[in-house]
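Residue-level listing of the chains:
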Amino acid sequence: MTKHTKIVLSASRDIPFNLLALSQSNVRRVKAGVSIDTLAADIARRGLLQSLTVRAERDGEGNPTGKFEVPAGGRRFRALQQLVKAKRLARTAPVPCIVREDDAISAEEDSLAENTHREALHPLDQFRAMHQLAGQGSDVETIAATFMTTPAVVKQRLRLASVSPKLHDIYAEDSMTLEQLMAFSVSEDHARQEQVWEQLRSSYNKQPWMIRSKLTEQAVRATDKRTRFVGLDAYVAAGGYMVRDLFEDDNGGWLQDVGLLETLVADKLGALAEGVGMEGWKWVVAAVDLPYRYDDGMRPIEGAQPDLTEEQEARLAGLREEADALEAAWAEAHDIPDEVHVRVNAIDEEIAGIVQRPLAYDREEMARAGVFVTIDHLGNLDIDRGYVRPEDEPAIAGEEEDEGHVREPAPEVDQDGGAGDIVGQGAPANEDEDPDDLLKPLPDRLVTELTTWRTLALRNAVALTPQVAFAAVLHAIVLDTFYAYSSAESCVGISMRGGSLGTQAPGLADSHSARAIDERHAAWSERLPDDPHRLWEVLARFSADDQAMLFAHCAAFGINAVWEPANRYNEGRVSARAVAGRIEHSHILARAVGLDPVAAGWSATFDNYLGRVPKVRILTAVEEAKGAETSARLTGFKKADMAREAEALLAGSGWLAEPLRTPAEPGPVPPVAPAEAALGTEPLVEHEDEEPLAMAAE
């Protein structure tokens, strides 16, 4: 049995600083970690926390000189040396030292061991220590100054310390990364943090962004238009609570009390709408989001720009004069003060408020028209005035309407009740006509017969002139698309029957397709005349390419590829055969234009698909996009969590829900010989030199 000798530790003693010298045996040569200045400041505040390791200095004959070398603790020695030079420490101040006398261990080995056999403090211990200091009454600035760091870093550490203790333990066991722990800090709800970790621990995706997404899915971003409309200050003043992410750019954070925000938005929007209604409108519709093409079927009324008052003109002149003076004063300057920028912006806003004042409308028209009040995507109030619903249109006295066309007034009636002779009815012409009769309108029947003949001739002529036919159809559909209630300006009985999209999918108005159509529609509106009577003249001046693009834009409004149930609840508006026919034709158009819903911006989300279908369809979608193995990982999830997880998995995969898919064009059906069709025999064997027949299933 081996017998071990007992260990004897080196003695410690206080040695005056002026008897110490840095040893050349110190292995640290490269500066790293905390600077000497920072270490000196820390020693000045709290004293020396760790003794120096020294060895007796010996002369050439090996005798002690009375001084000591410092092979281990060189940075501490330099920090003490700096304090002595700054006269904050006496040259003879005693320094606690451990005196090494074992010649079997070299000084270099001591230095290497001291710098190697150490372990940095675990980040979790650092977080908890700072949290304890904060609990003892130290503020963030004091803790930052104590540990030579910034207040922002201390706030981050304190936020990490506030994460659930259960997650701290998981992090300490290296079962969670620091980045994941940072992501959990966006919420202060420990129960929710633990719930999200349980959901994700067996998940394919445990990325920090996914954690943040799940913890903030019930919150509203500070950049949301509702938040901008109400204002963060108003939300906080009303008792609202916010969460910030101290580790990532969070664009202002998240609002936690969604109900409070909705109440504030409804109250403010309702009050503003009430003020608009007092202008004299028949109705006001106020909503945070309006349906796409909400004004379809309504006639816009025109307003006039009211004249400026004398006070407004004087104020406008003064503002422009001030703006010109500021521009002249700072035109050559490289750096413009912030207060000048602020003043210039204020002037621009005030000028815009005067110049872009609300239009004035006819009181009689206002009494039958209404206003839409909403919030735009930047959170600004958006007031769209002057729309008349079809049911509010005034009846035209003394005129009969026939499918939108006003008939000419009836001919004057003779005193004896006659209406004049009708040509073509066998009535003889009156040879003794009164000269005054020549001034009377032609009889209705005669006008009808003549224009019928002309119509037939016109049809034939237009049929022989494709360019004019194209222009006539273009004129008709432009009227139908851009000019409400102006279809009577065309003799071509063509209209766009696509109609409005009654069922609105979530986010439809903000989709890529909706924005593109609206922008293109606005661009064409700028080029078309306000007066529909001038439309033909303007269209005739367009180039062939412009006419074709405008034709395509208008024709697209007639497309209706919407599926709808054909049952007793739709009151017979559509048949199953009609719906099937329109869907089948939509596939033909989609193949012709190369329609790609993914490129158009569609991706499966919780709101537009995954949260509204059974679990089996969610699993099927993931399996089609990512494979059976990935889909199997979701089987134990609850439906809502499964849908959220599937949304992340399907992002960027190009997967499409079945109603969005365009089937491949069917191949030609192979011909069948009459005998085969009758007897059901096998098809004839193909000759080797013939092309194989295409199969119908291909």
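Remember, it's a predicted structure, so these values are computed and weren't measured experimentally. (Residues numbered from 1 in each chain as written. Predicted model: local features only at pLDDT ≥ 70, side-chain atom pairs only at ≥ 80, totals over all residues. Heavy atoms only, no water.)

### Some details on the overall build of the protein
As a reminder of what qualifies: Numbering of helices and strands runs from the N terminus; a helix is a DSSP stretch of H or I covering at least four residues, while a strand is a stretch of E covering at least two. For the exposure calls, accessible area comes from a 1.4 Å probe over protein chains only, and a residue counts as buried if that area is under 20% of its type's maximum, exposed if over 50%, partly exposed in between. Areas reported as accessible are Shrake-Rupley estimates using a 1.4 Å probe. Residue values count occlusion only from the protein chains shown.
Assigned secondary structure in the protein consists of 26 helices and 14 strands. Residues counted as buried form 28% of the 698 residues belonging to the protein. With an accessible surface of roughly 45,700 Å², the protein has 53% of that area assigned to carbon and sulfur atoms.

### Quick word on the nonpolar core
The line we're drawing: Buried Ala, Val, Leu, Ile, Met, Phe, Trp, Tyr and Cys residues that are joined via side-chain atoms within 4.5 Å together make up what is termed a nonpolar core. When checking whether two residues touch, look at their non-hydrogen atoms; a contact exists if any pair is within 4.5 Å.
Core analysis: the biggest nonpolar cluster contains 25 residues, and F127, L167, M176, L181 and F184 have the highest contact counts within it. For this core, the secondary structure elements donating two or more residues are α4 (123–135), α6 (151–161), α7 (165–172), α8 (178–184), α9 (190–200) and α10 (208–215). At four residues, α8 tops the list of elements feeding residues into this core. Every residue in contact with L181, bar those within four places of it in the chain, is listed here: F127, L160, V163, L167, H168, Y171 and M176. Listed in part, the 22 residues of the second largest apolar core include L269, A273, I301 and V373.

### Quick word on the side chain of D392
Along the chain, D392 turns up in the loop between β12 (381–388) and β13 (401–402). Leave out the neighbours within four places in its chain, and D392 touches K282, W283 and R368.

### Some details on the packing of α4 against α7
The test is simple: With axes taken as lines fitted to C-alpha atoms, and helix axes fitted only over the stretch in contact, angles between N-to-C directions fall between 0 and 180 degrees. Each residue receives one of three labels: charged for Asp, Glu, Lys and Arg, nonpolar for Ala, Val, Leu, Ile, Met, Phe, Trp, Tyr, Cys and Pro, and polar for the others, Gly being one of them.
Remark: α4 packs on α7, axes separated minimally by 10 Å, with the N-to-C direction vectors making an angle of 150 degrees. Contacts between α4 and α7 involve P123, L124, F127 and R128 from the former and H168, D169, Y171 and A172 from the latter. Within the contact of α4 with α7, the residues separate by chemical class into five nonpolar, one polar and two charged.

### Observations concerning α10
Extensive coverage of α10 is indicated by the burial of six of its eight residues. Residues of α10 that are buried include every one of P208, M210, I211, R212, K214 and L215, and no others. For α10, the secondary structure elements touched by its buried residues are α8, α9 and α25 (639–650).

### Some thoughts on the pattern of salt bridges
Quick reminder of the rule: When a carboxyl oxygen of Asp or Glu lies within 4 Å of a side-chain nitrogen of Lys or Arg, that pair is called a salt bridge.
Taken as a whole and assessed by the stated rule, the structure comprises 17 salt bridges. A salt bridge links R368 to E364; the nearest nitrogen and oxygen atoms lie 3.7 Å apart. The exposure class assigned to R368 is buried, which follows from its relative accessible area of 17%. E365 is the partner of R368 in a salt bridge, and the nearest nitrogen-oxygen pair spans 2.7 Å.

### Remarks on the confidence of the model for the protein
What counts is decided by this rule: Per residue, pLDDT measures the predictor's confidence, with a range of 0 to 100.
Residues at a pLDDT of 70 or more form 74% of the protein, whose mean pLDDT is 77. Ignoring residues within four places in sequence, the model shows residues 398–433, a span with pLDDT below 50, making 24 contacts including any to other chains.

### Quick notes on the pairing of strand β3 (residues 52–58)
The cut-off we apply is this: Any two strands with at least two DSSP bridges between them are considered paired.
Both β3 and strand β5 (residues 94–100) contribute to a ladder of four bridges, which runs parallel. The partner of T53 across the bridge, within β5, is I98. As paired elements, β3 and strand β4 (residues 64–72) share four bridges and run antiparallel to each other. By the bridge assignment for β4, R55 is matched with E69. Counted between consecutive antiparallel strands, the loop separating β3 from β4 contains five residues, among which G62 sits at a positive phi close to 85 degrees.

### Overview of the pairing of β5
Only one face of β5 is buried, namely the one carrying V95, C97 and V99, since none of P94, P96, I98 and R100 on the opposite face is buried. In the sheet, strand β1 (residues 12–16) pairs with β5 via five bridges, with the strands oriented antiparallel. When the sheet's bridge partners are listed, R13 is paired in β5 with C97.

### Some details on the sheet that holds strand β2 (residues 20–22)
Taken in spatial order, the five strands line up as β1-β5-β3-β4-β2 in an open sheet, and their pairing is mixed. With partners counted over all chains shown, the strands left at the sheet margins are β1 and β2, one partner each. When the angles between neighbouring strand axes are averaged without regard to direction, this sheet yields 50 degrees. Two elements, β2 and β4, share three bridges in a ladder whose sense is parallel. By the bridge assignment for β4, A21 is matched with E69.

### A look at the packing of α10 against α25
Worth spelling out the cut-off: Throughout, the term roughly parallel applies to angles under 35 degrees, roughly antiparallel to angles over 145, roughly perpendicular to angles from 65 to 115, and oblique to all others. Two helices crossing with the near one rotated counterclockwise from the far one by less than a right angle form a left-handed crossing, whereas a clockwise rotation gives a right-handed crossing.
Packing of α10 against α25 brings their axes to within 12 Å, and their N-to-C directions diverge by 140 degrees. For the element pair α10 / α25, the angle class is oblique. In this structure, α10 meets α25 at a crossing whose hand is right-handed. Residue-level contacts link W209, M210 and K214 of α10 to D641, R644, E645 and A648 of α25. The residue makeup of the contact of α10 with α25, split by class, is three nonpolar, no polar and four charged.

### A look at the packing of aromatic side chains
Short version of the rule: Ring pairs shown here join Phe, Tyr and Trp side chains whose ring centres sit within 6.5 Å, with only the six-membered ring taken for Trp; geometry is labelled stacked below 30 degrees between planes, edge-to-face above 60, and tilted in between. A positively charged side chain is recorded as over a ring if its NZ (Lys) or CZ (Arg) lies within 6 Å of the ring centre. The angle to the ring normal must also be within 35 degrees.
Under the defined criterion, the tally for this structure stands at eight aromatic pairs. Taking 5.1 Å as the distance between ring centres and 70 degrees as the angle between the ring planes, the aromatic pair formed by W281 and Y361 counts as edge-to-face. Residue W281 is found in the loop between α13 (258–277) and β9 (283–286), and its partner Y361 is found in the loop between α15 (338–355) and α16 (363–366); the two are separated by 80 residues along the sequence. You can call W281 buried: its relative accessible area is 7%. An aromatic cluster of three or more residues is present, and its members are W283, Y294, F372 and Y387. Across from the ring centre of F229, 4.6 Å away, lies the NZ or CZ of K268, which sits over that ring. Sitting above the plane of the W283 ring, R389 keeps its charged end 3.9 Å from the centroid.

### Here we look at the environment of R363
Residue placement: R363 occurs in helix α16. Since its relative accessible area comes to 57%, R363 is described here as exposed. In this structure the C-alpha to C-alpha distance between R363 and E279, which are 84 residues apart in sequence, comes to 9.5 Å. Apart from residues lying up to four places away in sequence, R363 is in contact with E279 and G280.

### Some remarks on the sheet that holds β12
In spatial order, the strands read β9-β11-β12-β10; together these four strands make up an open sheet with mixed pairing. Strand pairing shows two members of the sheet lacking a second neighbour, β9 and β10 (299–300), which therefore form its edges. Sheet topology places β10 next to β12; two bridges connect them, and they run antiparallel. Considered in β12, the bridge of R299 is made with V388. Relative to the sheet, α13 contacts β9, β11 (370–375) and β12, its axis offset from that of β11 by approximately 155 degrees.

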